[in-house]
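Listed here are the chains, written in short residue letters.
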Amino acid sequence: MLHENPLMIDIDVDQWRNLHDRFLESAKEKRRIIVIHEGGEILKFVHSNGEDVTKTIDKVTDPQIDVKKVYEDNKEKADFVLMLDRKAVERFFAEIQDSWSSGEDLDEYVYRMYVKLDEYKDGIVTYPGPARKNLGLRWKLSISYPQVKELVQRYIPPNSVVVVGIFENSNLIWGSLVLGFDEERKIKLITTIDKSQVIRDWKGEYKKFVKWVEEKFWKCSLGLFMDRGSVEMILESDKRLNTIRDLIRTGKLIAYPVPETLKQQLG
């Protein structure tokens, strides 16, 4: 879904950082205990921040049991434990690298890499939670890559732009995302709204943002504009579509424009 050479221009650093902090979670930001072993013989037993750890095992005999024990003995110091069999890691990366094809999208390759972790559940182990959900950079949203791809194919017209604007107070843009999709619905453009476009009140200016996108890039097929409070309501909801509909009905979320295929879903 990501074009091989997407155009990334004029990205506002503050907006980008705000979106990253709220919607993405990196394993590098977590406190981790890393145990590396080879055939059970422990080669490394360290904390990511250099803190002292309680080493209650001197050999890995059952990775699923041992990783839990290490965590339970150090849970005040760590968000998760990573236990790696060195040879399993080598096999994992060799298999992933051999599967790479120059013709495939990068995000497809990355998604396959995370899924492949499930096949190495005893060689690449984390606790609490599986390696696929702990390692790397992950969405904080409960939606999978295949689901996102399906939604784009179903609702976003080819050769169009989607713009999302999130505002703090009436005239301060907290975060935004402008994504341009090509004829194959691959993301070819990534940028943010120019914050100078917000002058008085975003609720009275949202059409101007759409016009700015269309004049600078190409036709906008979907625009979603809301304040931070509405974003939090959506993220915390168990029935997000219903929440989005309620926010639209009460004027807290403005959807403009909306593709014909999506209008009925949004009510």
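Every value quoted in this text rests on a predicted model; they were computed, and no experiment measured them. The residue count restarts for each chain, going from 1 along the sequence in the order it is written. Restriction of local features to residues with pLDDT of at least 70 applies here, the model being predicted, together with a cutoff of 80 or more for giving and counting side-chain atom pairs; totals for whole chains, interfaces and linings are based on all residues. Hydrogens and waters are ignored; side-chain quantities use all the structure's heavy atoms.

A.B. asks: Would you explain unusual backbone geometry in this entry?
C.D. replies: Excluding glycine, most residues fall at negative phi; most peptide bonds, likewise, are trans. The step from Y127 to P128 runs through a cis peptide bond, and the omega angle for that step is 0°. Secondary structure is summarised from DSSP: a helix means a run of H or I of at least four residues, a strand means a run of E of at least two, and numbering begins at the N terminus for each. Within the secondary structure, P128 is located in the loop between β6 (124-127) and α5 (131-134). A cis amide bond links Y256 with the next residue in sequence, P257, at an omega value of -10°. Along the polypeptide, P257 turns up in the loop between β12 (253-255) and α10 (260-266). One non-glycine residue, D10, lies in positive phi territory at about 50°. Here D10 is to be found in the loop between β1 (2-8) and α1 (13-23). Classification of D10 as exposed rests on a relative accessible area of 57%. Classification of residues uses two cut-offs on accessible area relative to the type maximum, computed with a 1.4 Å probe and protein chains only: under 20% is buried, over 50% is exposed, and between them is partly exposed.

A.B. asks: Hey, could you run me through the pattern of salt bridges in this one?
C.D. replies: A pairing counts as a salt bridge when a side-chain nitrogen of Lys or Arg comes within 4 Å of a carboxyl oxygen of Asp or Glu. Within this structure, the stated rule accounts for 26 salt bridges. A salt bridge links K216 to D10; its shortest N-O distance comes to 3.9 Å. Taken together, the positions of K216 in helix α7 (residues 202-216) and D10 in the loop between β1 and α1 put the pair 206 residues apart, joining distant regions of the chain. Between D79 and R31 there is a salt bridge, with its nearest N and O atoms 3.6 Å apart. You can see D79 sitting in the loop between α2 (63-74) and β5 (80-85) and its partner R31 sitting in the loop between β2 (24-26) and β3 (32-38), a full 48 residues away along the chain. Taking the relative accessible area as the measure of exposure, D79 reaches 31% and is therefore partly exposed.

A.B. asks: Help me understand the pairing of strand β9 (residues 172-181) in this model?
C.D. replies: Side chains on a regular strand alternate between the two faces of the sheet. Counting buried residues in β9 gives eight out of 10 residues, a clear majority hidden from the surface. Strand pairing is assigned whenever DSSP identifies at least 2 bridges connecting the two strands. Linking two consecutive strands that pair antiparallel, namely strand β8 (residues 160-168) and β9, is a turn of three residues; a positive phi of about 65° is found at N169 within it. For β9 and strand β10 (residues 187-191), the ladder comprises four bridges, and the chain directions are antiparallel. Residue pairing across strands places V178 opposite T191, the latter belonging to β10. With antiparallel pairing between neighbouring strands as the criterion, β9 and β10 make up a hairpin whose turn holds five residues, including R185 at a positive phi of roughly 60°.

A.B. asks: Would you take a moment to explain the sheet that holds β3 for this structure?
C.D. replies: Note: strands within a sheet are paired through backbone hydrogen bonds, in either parallel or antiparallel orientation. Here we have four strands laid out as an open sheet, ordered β4-β3-β5-β6, and mixed in their pairing. Two strands bound the open sheet, and with one partner strand each, they are β4 (41-47) and β6. Strand-to-strand twist across the sheet, computed as the mean angle between neighbouring axes with direction ignored, equals 15°. Bridge count between β5 and β6: four bridges; the pairing is antiparallel. Residue pairing for β6: L84 is matched across the bridge by I124. Two residues qualify as a contact provided that any one of their heavy atoms is within 4.5 Å of a heavy atom in the partner residue. Geometry is summarised by axes, namely lines fitted to C-alpha atoms with helices restricted to the contacting stretch, and by angles between N-to-C directions that run from 0 to 180 degrees. Contacting β3, β4, β5 and β6, helix α3 (residues 86-99) crosses the sheet at an angle of about 85° to β5.

A.B. asks: I tried to follow the domain arrangement of the protein on my own but got confused; where do I start?
C.D. replies: Marked domain ranges trace back to an automatic or database domain assignment. By the assigned domains, the protein splits into domain 1 (2-22 + 143-263) and domain 2 (31-138). Put simply, the middle of domain 1 and the middle of domain 2, counted by C-alpha atoms, are 35 Å apart. Taken residue by residue, the interface counts six residues in domain 1 and five residues in domain 2. Summed over both partners, the accessible area (1.4 Å probe) lost when two parts come together is defined as the buried area. Here domain 1 packs against domain 2, burying approximately 620 Å² in sum over the two surfaces, 49% of which is carbon and sulfur. For the domain 1 face of the interface with domain 2, the top three residues by lost area are L2, Y145 and K186, together amounting to 72%. Summed over the shared surface of domain 1 and domain 2, the result is two salt bridges. A salt bridge links E108 to K149; the nearest nitrogen and oxygen atoms lie 2.3 Å apart. Any pair of N or O atoms that falls within 3.5 Å is considered a polar contact. Within protein, one atom must be able to donate a hydrogen and the other to accept it, and sequence-neighbouring residues count only if both atoms are side-chain atoms. Counting every contact that joins domain 1 to domain 2 gives four residue pairs in polar contact (both at pLDDT 80 or more). No other element matches helix α6 (residues 145-155), which puts three residues into the side of domain 1 that touches domain 2. Of the residues assigned to the side of domain 1 that touches domain 2, the class counts are three nonpolar, one polar and two charged. For this scheme, ten residues count as nonpolar: Ala, Val, Leu, Ile, Met, Phe, Trp, Tyr, Cys and Pro. Four count as charged, namely Asp, Glu, Lys and Arg, and the remainder, Gly too, count as polar.

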